[in-house]
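# Structural features, examined
These are the residues of each chain, in order.
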Amino acid sequence: EALEEAKRVRAEGVLNRRASTAALYVQGELHRLRGDFEAAEEAYRLSTLQGGDAQPGLALLRLTQGRGDAALAAIRRVAGETRPSLGRATFLPAYVEIALAAGEVDEAANAADELTAIAEVQGSDALRAMSADARGAVALAHGQISDALTALRESLLRWLTLGAPYEAARTRVLLGRVYSEL
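Residues numbered from 1 in each chain as written. Predicted model: local features only at pLDDT ≥ 70, side-chain atom pairs only at ≥ 80, totals over all residues. Heavy atoms only, no water.

## Describing the overall build of the protein chain
- A tally of regular secondary structure across the protein chain gives 10 helices and 0 strands.
- Along its sequence from the N terminus, the protein chain presents helices and strands in the succession α-α-α-α-α-α-α-α-α-α.
- In terms of overall dimensions, the protein chain is globule-like: its C-alpha atoms have a radius of gyration of 17 Å, near the 16 Å expected for 182 residues.
- Reported as C-alpha extents along the three principal axes, the dimensions of the protein chain are approximately 50 × 35 × 30 Å.
- When the 182 residues of the protein chain are sorted by exposure, 42% land in the buried category.
- Here the analysis covers contacts within the protein chain between residues at least 6 apart in sequence; of these, 47% occur between residues at least 24 apart.
- Where the 21 positive side-chain charges of the protein chain centre and where its 25 negative ones centre are 4 Å apart. (Helix = DSSP H or I, 4+ residues; strand = E, 2+ residues; numbered from the N terminus. Rg over C-alpha atoms; globule rule 2.2 N^0.38 Å. Buried < 20%, exposed > 50% of the residue type's maximum accessible area, 1.4 Å probe, protein only. Contact = heavy atoms within 4.5 Å. Lys, Arg positive; Asp, Glu negative; His and termini not counted. Charge placed at Lys NZ, Arg CZ, Asp CG, Glu CD.)

Listed below in structure tokens is the structure:
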């Protein structure tokens, strides 16, 4: 349903490049999450051709494709080009995920700390959930099981309260990894 809605928005947004570009990015994200990597790549490419930025979705696609170096280079580029602001919160969770996958735990911790600072300033439950998730993943990577458990439980509760089942499921996966360490 979400993919069909994104296609509809793109079709209706032909005269509005911003809406069309955003719809293409969403299509890319949905294809990536469904495992249709060719379609994701094409949607991200079209979004970029219309002047959008395919990040962080394209970097996450590269990570999924086993191209961790390309993913890390892409997300570092985005971080270097984006000034500190609320806009950075859109890619910091991906930065944490990619940096952890690359074994760059300190880099992931810095991104998680930045996301936490943004969440504190903004006061958004969604940002707080993202921040807690990132902190939990970093704590798990550091072997700090108690801290990971606390942060991930907070994240899960926030995602459930917000009615975000996909994000809650991703947090549950991390919690499963924590419980396997107990």
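What follows picks up the thread again.
## Quick notes on the layout of surface pockets
- By volume, the largest pocket amounts to about 1100 Å³.
- The wall of the largest pocket is formed by 37 residues, among which Leu60, Pro93, Ala94, Glu97 and Arg170 lie closest to the centre.
- At the level of secondary structure, the elements contributing two or more residues to the lining of the largest pocket comprise helix 2 (17–34), helix 4 (57–64), helix 6 (92–101), helix 8 (125–141) and helix 10 (165–181).
- Its residues placed into classes, the lining of the largest pocket shows 23 nonpolar, 6 polar and 8 charged. (1 Å grid on protein atoms, 1.4 Å probe; cavity = no way out; pocket = protein on both sides within 12 Å on 5 of 7 lines; lining within 4 Å. Points joined across faces, edges and corners; volume = space filled by probe spheres on them. Nonpolar A, V, L, I, M, F, W, Y, C, P; charged D, E, K, R; others polar.)

## Things to note about the pattern of salt bridges
- Applying the stated criterion to the full structure yields 12 salt bridges.
- Aspartate 125 is paired through a salt bridge with arginine 128; the nearest N and O atoms lie 3.8 Å apart. Pair noted here: aspartate 125 and arginine 128 are both in helix 8, with a separation of 3 residues, about one helical turn.
- Within this structure, Asp125, Arg128, Arg135, Glu154 and Arg158 form a network of salt bridges that share partners. (Salt bridge = Lys/Arg side-chain N within 4 Å of Asp/Glu carboxyl O.)

## Here we look at the environment of proline 56
- Along the chain, proline 56 falls in the loop between helix 3 (37–49) and helix 4.
- In this structure proline 56 comes out as buried when scored by relative accessible area, which is 9%.
- Taking the C-alpha atoms as reference points, proline 56 and valine 78, separated by 22 residues in sequence, lie 8.0 Å from one another.
- Not counting residues up to four positions away in its chain, the partners in contact with proline 56 are Tyr25, Ile75, Thr90, Phe91 and Ala94.

## Things to note about helix 3
- Here helix 3 contains 13 residues, and its C-alpha end-to-end distance of 18 Å stays within 8% of the 18 Å for a straight helix at 1.5 Å per residue.
- For helix 3, every residue scored as buried is listed here: Ala40, Ala43, Tyr44 and Ser47. Along the axis of helix 3, the buried residues cluster in a sector spanning 95°; they form a single face. In helix 3, those exposed residues whose orientation departs by more than 90 degrees from the buried face are Glu38 and Leu49.
- Buried-residue contacts for helix 3 involve helix 2 and helix 4.
- Count one or two residues on from helix 3 and you reach glycine 51, which has phi positive near 100°. (Expected span 1.5 Å × (residues − 1). Arc of directions from axis to C-beta.)

## Some details on the nonpolar core
- Residues Ile75, Phe91, Leu92, Tyr95, Val96 and Ile98 are the most contacted members of the largest nonpolar core, which totals 26 residues.
- Those elements giving two or more residues to this core turn out to be helix 4, helix 5 (68–81), helix 6, helix 7 (105–122) and helix 8.
- The next biggest cluster of nonpolar side chains, apart from the first, holds 15 residues, and it includes Leu149, Trp159, Ala168 and Val178. (Core = buried A, V, L, I, M, F, W, Y, C linked by side-chain atoms within 4.5 Å.)

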